[in-house]
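# Coordinates in review
Here is how the chains run, residue by residue.
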Amino acid sequence: MLGRLLQTARFVQSPVQMMLMQTRTKMKTHKAAAKRFIKTGTGIKRKQAGRNHGNGGFSANTLHHLDGFVKISNRGQHLKKIGRYL
């Protein structure tokens, strides 16, 4: 009975409600930053540099340390703008 009532009822929105719903847009993700950084609960992390090529003479222990992630400090506020898009 409730289902039939909801089907027959018309929900009318006032112009003010429709205007409030249409004014806010979502922010888009910055894809270049999203591929390079990982947002965590305490900050932002990035991959360790120097792992791609030219490391044939490195020991296994040194290469193991290059496999992880590094926390990025926000000194100088250089990631303040990008942090919103992640």
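The name that an unreviewed UniProt entry assigns to the chain is 50S ribosomal protein L35, with the source organism given as Diutina rugosa. For the chain, the Sequence similarities (unreviewed entry) comment in UniProt is given as "Belongs to the bacterial ribosomal protein bL35 family."

## Structural notes on the overall build of the chain
Within the chain, the secondary structure is distributed over 4 helices and 3 strands. Secondary structure of the chain in N-to-C order comes out as α-α-α-β-β-α-β. Put simply, the chain has 86 residues, and 10% of those count as buried. Looking at the chain alone, contacts between residues at least 24 apart form 49% of all its contacts between residues at least 6 apart. Total accessible area computed for the chain in this model is approximately 8,200 Å², and 57% of it derives from carbon and sulfur atoms.

## Some points on the confidence of the model for the chain
Summing up the model confidence of the chain, the mean pLDDT is 79 and the portion of residues at 70 or higher is 73%. Summarising per-element confidence for the chain, the mean pLDDT is lowest in helix α1 (residues 2–8) (58) and highest in helix α4 (residues 60–65) (93).

## So, the nonpolar core
Core analysis: the largest hydrophobic core is formed by 5 residues, namely A33, F37, I44, I72 and L79. For F37, the contacting residues outside a window of four places in its chain are I44, K45, R46, I72, L79 and L86.

## A word on the pattern of salt bridges
All told, the structure shown has 1 salt bridge when counted by the stated rule. Residues D67 and R51 are paired through a salt bridge, measuring 2.6 Å at the closest nitrogen-oxygen approach. Taken as a pair, D67 in the loop between α4 and β3 (69–72) and R51 in the loop between β2 (44–47) and α4 lie far apart in primary sequence, 16 residues in all.

What counts, and at which threshold
Residues numbered from 1 in each chain as written. Predicted model: local features only at pLDDT ≥ 70, side-chain atom pairs only at ≥ 80, totals over all residues. Heavy atoms only, no water. UniProt positions renumbered as here; feature names shortened; annotations may be inferred. Helix = DSSP H or I, 4+ residues; strand = E, 2+ residues; numbered from the N terminus. Buried < 20%, exposed > 50% of the residue type's maximum accessible area, 1.4 Å probe, protein only. Contact = heavy atoms within 4.5 Å. Areas by Shrake-Rupley, 256 points an atom, 1.4 Å probe, with all protein chains shown as cover. pLDDT = per-residue confidence, 0-100. Core = buried A, V, L, I, M, F, W, Y, C linked by side-chain atoms within 4.5 Å. Salt bridge = Lys/Arg side-chain N within 4 Å of Asp/Glu carboxyl O.

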